[in-house]
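Chain and residue survey
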Amino acid sequence: MVSTDSALYTTVEKPCAKINRAYACIYFVAILGLIWYRITHIPNECYLTWIVVFGAELGFAFCWILDQAFRWRPVCRETFPKKLSDRFEKELPSVDIFICTADPTKEPPLNTVNTVLSTLAHDYPVEKLSCYVSDDGGSILTFYALFEASRFAKFWVPFCHKYSIKQRCPDAYFNDRDDYPHKNLSYAVECENLKNMYEDMKYSINSTVERGTVPQDKWKDHQGFKEWSSGISSRDHHSILEILLEKGKDSDVEGHDLPSLVYVAREKRPEHQHNFKAGALNVLIRVSAVVSNAPFILTLDCDMYANNCEALREAMCFFMDPQTDHQLGFVQFPQRFHSITKNDLYANRLKRIFDVQFQGFDGIGGPPYGGTGCVHRRDVLCGSEPQKSSLKPSKLSVNLIREKSSPSEMLNEARILAQCTYEKNSLWGKKVGMIYGCAVEDVLTGFTIQCRGWKSVYCAPKRNAFQGQAPVNLNDTLIQHKRWTAGLFEIFVSKFCPFVYGIHRVSIAHRMCYGLYCLCAPSCLHILCYGLVPALCTLNGRSLFPQISSPWCLLFVYLSVSAYAHSVIEFIGAGGSVKSWWNEHRMWVIKGTSSYPFGLIQVLCKLMGISEVGFEVTSKMSDSEAAKRYEAEIYEFGVASTMFIPPATLVVINLIALLNGIAQVLKKGYPALEGMFLQLMLSGFIVMNGYGILEGMFLRRDNGRMPMSVTVSSLLATVVMCFVASNISLWHY
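Residues numbered from 1 in each chain as written. Predicted model: local features only at pLDDT ≥ 70, side-chain atom pairs only at ≥ 80, totals over all residues. Heavy atoms only, no water.

What follows is about the overall build of the protein chain. Looking only at helices and strands, the protein chain has 25 helices and 13 strands in total. Taken against the 2.2 N^0.38 rule, which gives 27 Å for 733 residues, the C-alpha radius of gyration of the protein chain at 28 Å falls within 12% of a compact globule. Structurally, the protein chain occupies a C-alpha span of about 85 × 60 × 55 Å along its principal axes. Per-residue burial over the protein chain gives 59% buried out of 733 residues. Restricting to contacts in the protein chain with at least 6 residues of sequence separation, those with at least 24 account for 81%. For the protein chain, the computed accessible surface area is about 30800 Å², with 59% contributed by carbon and sulfur atoms. (Helix = DSSP H or I, 4+ residues; strand = E, 2+ residues; numbered from the N terminus. Rg over C-alpha atoms; globule rule 2.2 N^0.38 Å. Buried < 20%, exposed > 50% of the residue type's maximum accessible area, 1.4 Å probe, protein only. Contact = heavy atoms within 4.5 Å. Areas by Shrake-Rupley, 256 points an atom, 1.4 Å probe, with all protein chains shown as cover.)

Among the six residues that make up strand E7 (residues 296-301), five are buried, leaving the element largely enclosed by the rest of the structure. The sheet contact formed by strand E3 (residues 95-101) and E7 spans six bridges and is parallel. Its bridge partner lying in E7, Ile-97 is registered against Leu-298. (Pairing = 2+ DSSP bridges.)

So, about the sheet that holds strand E10 (residues 336-337). Spatially, the three strands line up as an open sheet ordered E8-E13-E10, and their pairing is mixed. The sheet terminates laterally at strand E8 (305-306) and E10, the two strands that pair on one side only. Across two bridges, the pairing between E10 and strand E13 (residues 466-468) is parallel. Paired with Phe-337 across the strands is Gly-468, a residue of E13.

This part covers the UniProt feature "transmembrane region" (unreviewed entry) in the protein chain. Mapped onto this numbering, the UniProt entry gives "transmembrane region" (unreviewed entry) at residues 20-39, 46-67, 514-539, 551-574, 634-657, 677-698 and 710-731. In this annotation, residues 551-574 is assigned 92% helix and 0% strand; the end-to-end C-alpha distance for the span is 35 Å. (UniProt positions renumbered as here; feature names shortened; annotations may be inferred.)

Phi at Asn-275 takes a positive value of approximately 60 degrees, unusual for a residue other than glycine. Looking at the element boundaries, Asn-275 is found in the loop between strand E6 (260-265) and helix H8 (276-291). Positive phi, normally seen in glycine, also occurs at Asp-344, with a value near 55 degrees. Mapped onto the secondary structure, Asp-344 falls in the loop between E10 and helix H10 (351-362). Residue Asp-344 is classed as buried on the basis of its relative accessible area, which comes to 6%.

Next up on the list: a nonpolar patch on the surface. A grouping of Val-493, Leu-604, Leu-607, Met-608 and Ile-610 is seen on the molecular surface, where their side chains present a nonpolar patch of about 490 Å² in accessible area. Along the chain, Leu-607 falls in helix H20 (residues 595-607). (Patch = residues over 30% accessible without salt bridge, like charges linked within 9 Å, V, L, I, M, F, W, Y side chains within 5 Å. Salt bridge = Lys/Arg side-chain N within 4 Å of Asp/Glu carboxyl O.)

A few words now on the UniProt feature "binding site: Mn(2+)" (unreviewed entry) in the protein chain. Those residues carrying the UniProt feature "binding site: Mn(2+)" (unreviewed entry) are Lys-277 and Asp-301 in this numbering. For the annotated residues, spread through 25 residues, the largest C-alpha to C-alpha distance comes to 10.0 Å, consistent with a single compact locus. Tracing the backbone through its elements, the reader meets Lys-277 in helix H8. Examined against the element boundaries, Asp-301 turns out to sit in strand E7. Overall, Asp-301 belongs to the partly exposed group, its relative accessible area being 24%. In this view, Asp-301 contacts Ile-99, Cys-100, Thr-115, Lys-277, Gly-371 and Thr-372; residues no more than four positions away in its chain are not counted.

It is worth spelling out the pattern of salt bridges at this point. Taken as a whole, this structure holds 29 salt bridges when the rule is applied. The shortest N-O distance in the salt bridge between Arg-378 and Asp-96 comes to 2.5 Å. Of this pair, Arg-378 sits in helix H11 (residues 378-381) while Asp-96 sits in strand E3, and the two are 282 residues apart along the sequence. For Arg-629, the salt bridge is made with Glu-636, and the minimal N-O distance between the two is 2.7 Å. Owing to a relative accessible area of 10%, Glu-636 belongs among the buried residues under this scheme. Three or more residues joined by partner-sharing salt bridges are found here, namely Asp-67, Arg-71, Arg-352, Glu-570 and Glu-584.

As a packed pair, helix H17 (residues 524-539) and helix H23 (residues 670-689) sit with axes 10 Å apart at the nearest point and diverge in direction by 130 degrees. As summarised for this structure, H17 and H23 are arranged oblique, according to the angle between their axes. For the pair H17 and H23, the crossing hand works out as left-handed. Taken together, the residues of H23 that come into contact with H17 (itself represented by Tyr-530, Gly-531, Pro-534, Ala-535, Cys-537 and Thr-538) are Met-676, Gln-679, Leu-680, Leu-682, Ser-683 and Ile-686. (Axes fitted to C-alpha atoms, helices over the stretch in contact; angles between N-to-C directions. Parallel < 35°, antiparallel > 145°, perpendicular 65-115°, else oblique. Left-handed = near helix turned anticlockwise from the far one by under 90°.)

On to the environment of Phe-98. Relative to the elements of secondary structure, Phe-98 occurs in strand E3. Exposure remark for Phe-98: the relative accessible area of 1% places this residue in the buried category. Distance in space between the C-alpha atoms of Phe-98 and Ile-297 is 7.1 Å, their sequence separation being 199 residues. Once residues lying within four places of it in the same chain are set aside, the contact partners of Phe-98 are Tyr-132, Leu-281, Leu-284, Ile-285, Ser-288, Ile-297, Leu-298, Thr-299 and Leu-300.

By the element assignment, Thr-115 lies in helix H4 (residues 109-120). Contacts of Thr-115, omitting those with residues within four sequence positions, involve Ile-99, Leu-300, Asp-301, Cys-302, Asp-303, Met-304 and Tyr-305.

Glancing now at the sheet that holds strand E11 (residues 374-377). Spatial ordering of the open sheet is given by E5-E6-E4-E3-E7-E11-E9-E12, a layout of eight strands whose pairing is mixed. Looking at the sheet topology across the chains shown, the edges are occupied by strand E5 (240-245) and strand E12 (455-458). Averaged over all pairs of adjacent strands, the angle between strand axes in this sheet comes to 20 degrees, irrespective of strand direction. Contacts from H4 reach E3, strand E4 (129-135), E5, E6 and E7 within the one sheet, and its direction differs from that of E4 by about 165 degrees. Here helix H9 (residues 311-319) sits on the sheet in contact with E3, E4, E7, strand E9 (328-332), E11 and E12, set at roughly 150 degrees to E9.

What follows covers helix H16 (residues 508-518). Of all eleven residues that make up H16, nine are buried, and the element is covered over most of its length. Tucked into the core, H16 has its buried residues touching helix H2 (47-67), H10, helix H14 (441-451) and helix H15 (474-492).

Relative to the helices and strands, Ile-35 resides in helix H1 (residues 16-40). Relative accessible area serves as the criterion here: at 23%, Ile-35 is assigned to the partly exposed category. When the C-alpha atoms of Ile-35 and Glu-57 are compared, they prove to be 8.6 Å apart, with 22 residues separating the residues in sequence. What Ile-35 contacts, discounting residues up to four positions off in sequence, is Phe-54 and Leu-58.

A few words now on helix H25 (residues 708-727). Taking 1.5 Å of rise per residue, the 20 residues of H25 would be expected to cover 28 Å, and the 29 Å separating its terminal C-alpha atoms lies within 8% of that figure. For H25, the complete set of buried residues consists of Val-710, Thr-711, Ser-714, Thr-718, Cys-722 and Ala-725. Buried residues in H25, looked at end-on, bunch into an arc of 100 degrees, giving them a common side. Among the exposed residues of H25, those oriented more than 90 degrees off its buried face are Met-708, Leu-716, Val-719 and Phe-723. Where the residues of H25 are buried, they touch H17, helix H22 (645-668) and helix H24 (691-699). (Expected span 1.5 Å × (residues − 1). Arc of directions from axis to C-beta.)

Here it is as C-alpha cells:
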C-alpha cells in the first residue's frame, strides 16, 4: 500500500555550501587588502591610469560579491515519478505544450518535427496532452513539415508506448542503436519499417525546404494549404490556425487516441509591433485557452526535443506534492545540448549557469524562467496571485470564450485571438502573459512572477529532460550572447531593475543573483580596462602593480591563483573537465570584449532613441567543412563580423606588450622584470586565452580563418591605440 503523505521529491543542501561561505569570507578580506593597497600607494606619476585600473578592480570585486549569492545555499532535488504514478495517475492534470519557431532557413523544419514527435510521444496520458506550434514566419514549409509529422505520429507514438522506448525523438533514436532495448523479431521488423518511414519523411521535408515550395499535388492532402494560396510574406499575413491532430477524432494505427497537434501562425502586419517570441507565446496562451485550456503549459524551443519521456511527470512531482505549499509558479529544467564538442569549444553547454548557479538560485527562492524546458501554471502566467492557485483551468482563460462553442466557432474565436490588434488597450504583455519590453522576455516574465510571491524550483533529472542544438560557430554564439546580455541590461535600466523592484517579495540574495546577470553588459568596461590599460602601460614602461620583492605582490598572486583554483575545482565538481573549463574561460574573455560591449551599445542606443534592441535568430546549420573544424575544436570565424575586432585587437595589443616586455627584460635584466612581472603575467595569460584568435589571424589558411578585413581592421585599431597611448598625457599623470 502506498503512503498518501510521502513526499514526491526531496531537497538536500549541497555539502560545498559551508566551504563556499568560508572561502568567501577569506577572499573578501583579501579584496579589502587590495583596496587598501590601491588607496595608500597612489603614485605621483601615472595616477590616472592607476585610478582607472583600480576602478576596474572594484568592478570585478562587485561582480564577485554578487556571484557569492549563488554559492550561499545551493540545493539538489530528487523526484519520485513512480510514487506520483502510484498515487495520482488518474488525477494527472492536462498539459499544453508550446513550441516556437520563426525562420525555416535558420531553424530547419525537420528539427521542429523531431521536437513535436518527441513531445507527442511523452509518457503521459495522451488525452491530457496538446501540442501547439507557433510558426512566427508563417511559412508553408513549416506547415508542410508538421503535416508530414502528424501522419508519421500515428505510427511513432504507439511504437514508443508499446516498447517503452526511452528516447522518443525519432532522429536521435534511430541514430543511437545502443538505445534499442528489444531483440525479438516483431520489434526488429517494426523498427526497421518505422525507420524507413522516417527516412522517407525526412527526405520529403528536406527536399521540399530545399526547393522552397510545396508541390501542388500535396495541397489536396489538407485544406490548410489553401491559406497560402493568396500569397503572403513572413511579415505580412493573416492569422492561420489549423488542427492537424484532434483528440477524440484522430487515432493511431492501433486505434488509440492521439494528442492534439495545432499549427498557429499569428497575424502580422508591418505597421504593428509583434513583440518577437513573447508575442508569439501570448497568442498561444490565448489560442490554447479556447481549444484545450490545460492548467499547465510546457514551453519549448523548436530544436529542444524531449529527451526524457518522463519529464512532465518529473515536473508534476513538485506541483502535486502534498507537502509543497501553493506558491509554486513554475518548474525549470536545465538546457542541455547534443551538438557540443568533447571539450565544449564555445562554452555553449553553459555548465556554470545550469550546474552551479541555478542550484544556488534554487536554494534562495528558485531559478529564473529560461525560455525553454519550463512548466508553468496557466493561471500564474495569466496574472493570478499565489493564494488563488489551483489545478483547475484558469478563470481568465475561460472568460476568453463562450462555454458552449461548436468546433467551427471555437476556431473562429481562436483566429480572432491571434490577430495583431487583439492586445491593444489590454493588459497582455504588461501584467498578463509574457511581459514585453526586452529581448529576454523569459527572464523578465519569470522575475515578475516571483515578485508577485510565486516560487520556482529547478528540476535536473539524471536523464536530461530536453536536449537542443547549440550554435556551431563563433559568430552565432556571440550574436546569441549579445542578445541575452542586451536584454538583461534592458531589465536593469527599466522599472524592473532587480535592486529596486520586488523588494518586499524577493530576498536580497535572490536579487543579487538577478543583478549579476543584468550587469553582464556593463561588466565589459572593467574587462576591457583590465585587458588594455596594463598592456598599454607596459609599452610605456609604467608599472601598475607591486614589484616582486614587495609583500603586496603575494596579495595579487593569491587573489588571482585562488580565484582560478576555486573556479576549476567547482567546475570539475559539477562534472566538467579542465579543458572544458579553459574553453569556458576563453569564451568569457571573448564574450566580455565582444558580445557584452555590443549589447551595452545596443541598449544605450535604445535609451537615446536611436534604435531598438532586435531579436536575432541564430542559425543551426553549417557546411561539411565547417562541421569537421568544429568537431576538431578549431574556432570558426568565416564571416567578416565586427564582433571579432575588439577581442582580436585586445589579444594583439597584449602580444605586442608581452614581446616588448620580454625584450626589455633581456636588455635590462632583473630590474625590468621586478617592476613589470605581474603585468607581463597578465598579458601572457590574455595571449594564451586568445591563441585561437591569433591562429585564425596569422597561421590558418582554411575557409574558417579570420577574414582579412577583420585582421586588417584589428591591426589598424592596434596601431592607433598604441600610438595614442604613447603620446597622450593620460599616462604621465
